[in-house]
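In case you want the letters, here they are:
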Amino acid sequence: MAQNKIENIRTENKHNKEQNKNIRNIAIIAHVDHGKTTLVDAMFKQSGVFRQGKEIDDRVMDSMDLERERGITISAKNCSVVLDGIKVNILDTPGHADFGAEVERALSMVDGAILLVDASEGPLPQTRFVLKKALTAGLRIIVVVNKIDRPDARVTEVLDEIYDLFIDLDATDDQIDFPVLYAIGKIGVAKHQLSDEGVDLQPLFKTIIDKIPAPSFDPEEPFQMLISDLGHSDYTGRLAIGKIANGKVSSKDELVLIGKNEQPAKLKVSSLQTYEGPALCPATLVEAGDIAVISGTDGFEIGDTICTKDFPKPLPRITVDEPTVSMMFTICDSPFSGLEGKYVQSSKIRERLEKEALANVAISLKETAERDSFVVQGRGEFQMAILVETMRREGFELCVGRPEVIYKTGENGERTEPIEHLFIDCDEAFTGIVTEKLSMKKGRLTKLVNKRGRANMEFSIPSRSLIGYRDEFLTDTKGTGIMNSIFEGYEPFRGDFPTRRTGSLVSDRKGKAVPYALYNLEPRGRLMIIPGTPVYEGMIVGEHSKENDLDVNPCKEKKLTNMRASGKDESTICSPIKPLTLERALNFVNPDELVEVTPLSIRVRKRMLSKQRRYSGK
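Computed from a predicted model, the values in this text were never measured in an experiment.

### Examining the overall build of the chain
Right, on to step 1. Check the secondary structure of the chain and you find 16 helices and 38 strands.
Right, on to step 2. Residue burial in the chain is summarised as follows: out of 618 residues, 52% are buried.
Right, on to step 3. A fraction of 71% describes how many contacts in the chain between residues 6 or more apart in sequence connect residues 24 or more apart.
Right, on to step 4. Counting only carbon and sulfur atoms, one obtains 48% of the accessible surface of the chain, whose full area is about 29,600 Å².

Put into structure tokens, the structure is as follows:
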């Protein structure tokens, strides 16, 4: 199927008569933390984007606070550099499969890609994921083996693994005949041979100009631009971002917008911009092949086409993989509601989720029978956690449920579920416990290779089995294990298995937790709060060591009498607790529990707060 798509693209390109030789459009794709954003920084510095002596932050393209904190790219971003008079538009893409839609819409704007691979780690699962998308789109690939200065670099082996990966993904002969460069992105060095003396990134710049094809267009076609990304400006409103497929556009042009209903709507270009470095700059004319940023209306979505009103001809819409995970979002109705958040109403939550669904084609919003609850569908639990954390930082106060997989009905009416291809890298000593636990979760071991005391295992496992397993895996491997997975498809339901084997310690009243009460609760399980934490009825204060829930009083104080022992009273010192993070809370909750998220706090609670109503079932 991928091969047919590539042939269709090539057949279509034969009808294009011209190329814009002054432009190149490339995406940088790689696994998480293989150095994409750091390489873009070096390209900026050596191409003259920044003036001499100007102080700049590391990882310029990681503009979101969450990206800087986590050290990963979450959303695809555009920028450009000028090399020998040729403008090169660069798209920095995420390396995590949960943000696959960001990769897919980024690849719709480019004609080639730089595949970055760590010289020690080699091609990892997400490398396979992003490369498969690029090959399916028929893009020309440049392979860059990065971090060759690592003490544990194994460049020759990694290059062999890259060739094996291309063959495994059914790449064409042209695609397998890729140019290879060796780089140290941190100091801005690239070279054609390992033995060469690396000075700067000129070998990479020259390879981009020589090997990446210039964008093609048909001079007989009218103006067409596919909207691949959205932006916002305080001055001009919403921004439509995309590559101009044919024709040219000027500011103040009278155009039309064609959406899903294929009905043209008027659009007058109020602002026209292009990328210069990481910034947007005004433009009076943008030609075919360049990436333009247009404002003029608010009613557009990713996948819509902007074209001339005389010849309204839409381009094929962007399609992405279907969502596999859903999560319920609802208002916060606890006694602490409204104390810490700025936006608490269901209308505000709905408005924010609708905005996210417009900007992210992998997210979809579904209504529920309850007026104040919404179901958000996406590509993975990590993507959901990032959305919740982003809303929290924007001032929202809400409750979310445990991520759940989306089941489907097969051709024969059977129940099917999403399956992941799981890759495990851990010490040989932990192979037993990892295999045992994943087998209990209906995982099937498909490959096991031992290398220098490390075990590389591959499993076929239901997506639901991995929800909440990452923390457990790190504990079992003493923090030394590496786990990655990619979506493989839908298969018949593999059966039920035990999930959380522990219950919850649930507060039975409102108040403040006191040291005496918590000290006496420690034998019952693992606590999640510290002395002085405000609690309310139905709030979960810890994990019970047994399977059942237990209602407790974390506010109980020591009874004082006139009687005193001859010695000092025993001091009450509570054990330190592990901080409750959003990911840990989402992994912990059961179906009858919620995570309460505010700008200042993360709490875990029962859906039904009243103890009496929980036990009466009303």
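### As for the packing of helix H9 (residues 346-359) against helix H10 (residues 381-393)
Right, on to step 1. Packing of H9 against H10 brings their axes to within 12 Å, and their N-to-C directions diverge by 130°. When the axes of H9 and H10 are compared, the pair comes out oblique. In this structure, H9 meets H10 at a crossing whose hand is right-handed. Facing Ile349, Arg352, Leu353 and Glu356 of H9, the residues of H10 in contact are Leu387, Thr390 and Met391.
Right, on to step 2. Classifying every residue of the contact of H9 with H10 by side-chain character gives 4 nonpolar, 1 polar and 2 charged.

### Thoughts on the pairing of strand E7 (residues 180-184)
Right, on to step 1. Within E7, 5 of the 5 residues are buried, leaving the element largely enclosed by the surrounding structure.
Right, on to step 2. Burial along E7 is two-sided: the face carrying Val180, Tyr182 and Ile184 and the face carrying Leu181 and Ala183 are both buried.
Right, on to step 3. Bridging between strand E6 (residues 140-146) and E7 involves 3 bridges; their strand directions are parallel. Looking at E7, one finds that Val144 is bridged to Leu181.

### Thoughts on the sheet that holds E6
Strands pair in a sheet through their backbones, by hydrogen bonds, and they do so in one of two ways: parallel or antiparallel.
Right, on to step 1. As summarised here, the arrangement of the 7 strands in space is E3-E4-E2-E5-E6-E7-E8, forming an open sheet in which the pairing is mixed. A single partner strand is all that each edge strand has here, and the edge strands are strand E3 (77-83) and strand E8 (189-191). Each strand axis lies, on average, 30° off the axis of its neighbour in the sheet, ignoring direction.
Right, on to step 2. Summarising the sheet, strand E2 (residues 23-30) and strand E5 (residues 112-118) pair through 5 bridges and their orientation is parallel. Across the sheet, the residue bridging to Ile29 is Leu115, located in E5.

### Points about helix H6 (residues 155-168)
For an α-helix the count is 3.6 residues per turn, leaving residues at separations of three or four pointing the same way.
Right, on to step 1. Look at H6: 20 Å from first C-alpha to last across 14 residues, which is about the 20 Å you get at 1.5 Å a residue.
Right, on to step 2. Of all the residues in H6, the buried ones are Val155, Val158, Leu159, Ile162, Leu165 and Phe166. Down the axis, H6 shows its buried residues gathered within 115° of arc, on one side only. Facing away from the buried surface of H6 by more than 90 degrees, the exposed residues are Thr156 and Ile167.
Right, on to step 3. On its buried face, H6 is in contact with E5, helix H5 (125-136), E6, helix H7 (173-176) and E7.
Right, on to step 4. Looking one or two residues past H6, Asp170 carries a phi angle of roughly 60°, positive in sign.

### Structural notes on the packing of aromatic side chains
Right, on to step 1. Per the counting criterion, the structure on display carries 7 aromatic pairs.
Right, on to step 2. With a centroid separation of 4.6 Å and an interplanar angle of 35°, the aromatic rings of Phe166 and Phe178 are classed as tilted. With Phe166 in helix H6 and Phe178 in the loop between H7 and E7, this residue pair connects regions lying 12 residues apart in the sequence.
Right, on to step 3. With a centroid separation of 5.8 Å and an interplanar angle of 70°, the aromatic rings of Tyr407 and Phe493 are classed as edge-to-face. Here Tyr407 is found in the loop between strand E25 (404-405) and strand E26 (408-409), whereas its partner Phe493 is found in the loop between strand E30 (482-492) and strand E31 (504-507), with 86 residues between them in sequence.
Right, on to step 4. Judged by relative accessible area, Tyr407 falls into the partly exposed class, the value being 32%.
Right, on to step 5. Taking relative accessible area as the criterion, Phe493 reaches 25% and is therefore assigned partly exposed.
Right, on to step 6. Taken together, the ring pairs in this structure connect Tyr163, Phe166 and Phe178 into an aromatic cluster.
Right, on to step 7. Seen from the ring of Tyr490, Lys408 lies directly overhead, with NZ or CZ sitting 4.6 Å from the centre.
Right, on to step 8. Across the ring face of Tyr407, the terminal group of Arg415 is positioned such that the distance to the ring centre comes to 4.0 Å.

The rules behind each value
- Residues numbered from 1 in each chain as written.
- Predicted model: local features only at pLDDT ≥ 70, side-chain atom pairs only at ≥ 80, totals over all residues.
- Heavy atoms only, no water.
- Helix = DSSP H or I, 4+ residues; strand = E, 2+ residues; numbered from the N terminus.
- Buried < 20%, exposed > 50% of the residue type's maximum accessible area, 1.4 Å probe, protein only.
- Contact = heavy atoms within 4.5 Å.
- Areas by Shrake-Rupley, 256 points an atom, 1.4 Å probe, with all protein chains shown as cover.
- Axes fitted to C-alpha atoms, helices over the stretch in contact; angles between N-to-C directions.
- Parallel < 35°, antiparallel > 145°, perpendicular 65-115°, else oblique.
- Left-handed = near helix turned anticlockwise from the far one by under 90°.
- Nonpolar A, V, L, I, M, F, W, Y, C, P; charged D, E, K, R; others polar.
- Pairing = 2+ DSSP bridges.
- Expected span 1.5 Å × (residues − 1).
- Arc of directions from axis to C-beta.
- Phe/Tyr/Trp six-rings, centres within 6.5 Å; stacked < 30°, edge-to-face > 60°.
- Lys NZ or Arg CZ within 6 Å of the ring centre and 35° of its normal.

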